[in-house]
Amino acid sequence: MNSKMPHRYINLHTHRPTGIDNLTEIVNIELSNTLPNALPEYCSLGIHPWHASDNNIALDRLNKHAKNKQFIAIGETGLDKVRCGTYEQQLDLLHKHIELSEELHKPLILHCVRYYNEIITLRKELKPKQAWIFHGFNASVEIMKQATNHGFYFSYGPSILNSKSKAAKSLLHTPSDRLFFETDDSTESIENIYTKAAHILGIQINDLLSITNDNFKFLFNSI
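J.: Tell me about the side chain of Arg123, residues and numbers included.
T.: One can find Arg123 in helix 3 (residues 116–126). Put simply, Arg123 is tucked away with no salt bridge, and the nearest opposite charge, on Glu102, sits 6.2 Å away. In this view, Arg123 contacts Pro128, Gln130, Ala131, Trp132, His150, Gly151 and Phe152; residues no more than four positions away in its chain are not counted.

J.: Just give me the short version of the packing of aromatic side chains, but keep the residues and values in it.
T.: Applying the stated criterion to the full structure yields 14 aromatic pairs. Between the aromatic rings of Tyr116 and Phe137, the centroid separation amounts to 5.3 Å while the plane-to-plane angle is 75°, which identifies the pairing as edge-to-face. With a gap of 21 residues between them, Tyr116 in helix 3 and Phe137 in the loop between strand 6 (132–135) and helix 4 (141–149) connect regions that are remote in the sequence. The exposure class of Tyr116 is buried, given its relative accessible area of 8%. Ring geometry for Trp132 against Phe152: centres 5.9 Å apart, planes inclined by 75°, an arrangement best described as edge-to-face. Residue Trp132 is found in strand 6, and its partner Phe152 is found in the loop between helix 4 and strand 7 (153–156); the two are separated by 20 residues along the sequence. The same class applies to Trp132 as to Phe152, namely buried.

J.: Describe in detail the nonpolar core, supporting the description with residues and values.
T.: Grouped together as the largest cluster of nonpolar side chains are 68 residues, with contacts concentrated most on Phe134, Phe137, Phe152, Tyr156, Ile160 and Phe181. Considering every element that reaches this core, the biggest residue donor is helix 6 (residues 190–201), with six residues.

J.: Which residues make up the pairing of strand 4 (residues 71–80), and what values do they have?
T.: For strand 4, the buried fraction is high: 10 of the 10 residues fall into the buried class. Where strand 3 (residues 43–46) and strand 4 come together, three bridges link them in parallel fashion. Residue Ser44 lies in a different strand from strand 4, and its bridge partner there is Ala73. The sheet contact formed by strand 4 and strand 5 (residues 108–113) spans five bridges and is parallel. Counted as the bridge partner of Ile74 is Leu108 from strand 5. As for the winding sense of the linkage, the β-α-β connection from strand 4 through helix 2 (residues 87–104) to strand 5 is right-handed.

Calculation notes
- Residues numbered from 1 in each chain as written.
- Predicted model: local features only at pLDDT ≥ 70, side-chain atom pairs only at ≥ 80, totals over all residues.
- Heavy atoms only, no water.
- Helix = DSSP H or I, 4+ residues; strand = E, 2+ residues; numbered from the N terminus.
- Buried < 20%, exposed > 50% of the residue type's maximum accessible area, 1.4 Å probe, protein only.
- Lys, Arg positive; Asp, Glu negative; His and termini not counted.
- Salt bridge = Lys/Arg side-chain N within 4 Å of Asp/Glu carboxyl O.
- Contact = heavy atoms within 4.5 Å.
- Phe/Tyr/Trp six-rings, centres within 6.5 Å; stacked < 30°, edge-to-face > 60°.
- Core = buried A, V, L, I, M, F, W, Y, C linked by side-chain atoms within 4.5 Å.
- Pairing = 2+ DSSP bridges.
- Right-handed = clockwise from strand over helix to strand, strands pointing away.

What follows is the structure, given as structure tokens:
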């Protein structure tokens, strides 16, 4: 990105695209649904772990479409202890996304519920070259630090609006070069999330925008 241009808000993961002019957003495309005819400028493509039990057709579509230039990241995918699908089914699906992420040199966006240690261990064992990003991160400072040691990135969402949340506490200790923000499936504006984050971190919004613009440029340097 040209340093002379105004910094843009970066929404790393959203299911509700807005098309606002001063916003760069990565729109999640879930392959258990129908692929839209017209794609936003930047998208991620994946199969959610909630749909891990029945994914053969979706996997074929993932491999077919993931090479398209609009898809700048693979996912969301991951592990979820609360919702559908066995651990083995979810893990198998996650491995297929990891392989595709490595093959296409695209970052991996991760959904994780109560399986942080397992995903951290998996990255430690596999040693992938591509970045892995925990989207909607809402875990303890201890888990965040463990993940940081293994090269993870963190995208914080509406959870930080609750100052007592694990997300808000972890944000305060997250290295600036591993940091992103998102709206996920909420109707909250990305501007409000940045405003709250800047308040937590004790910095100006423009400085926070500069940080996330630099991080976006680093991870998606072919854009």
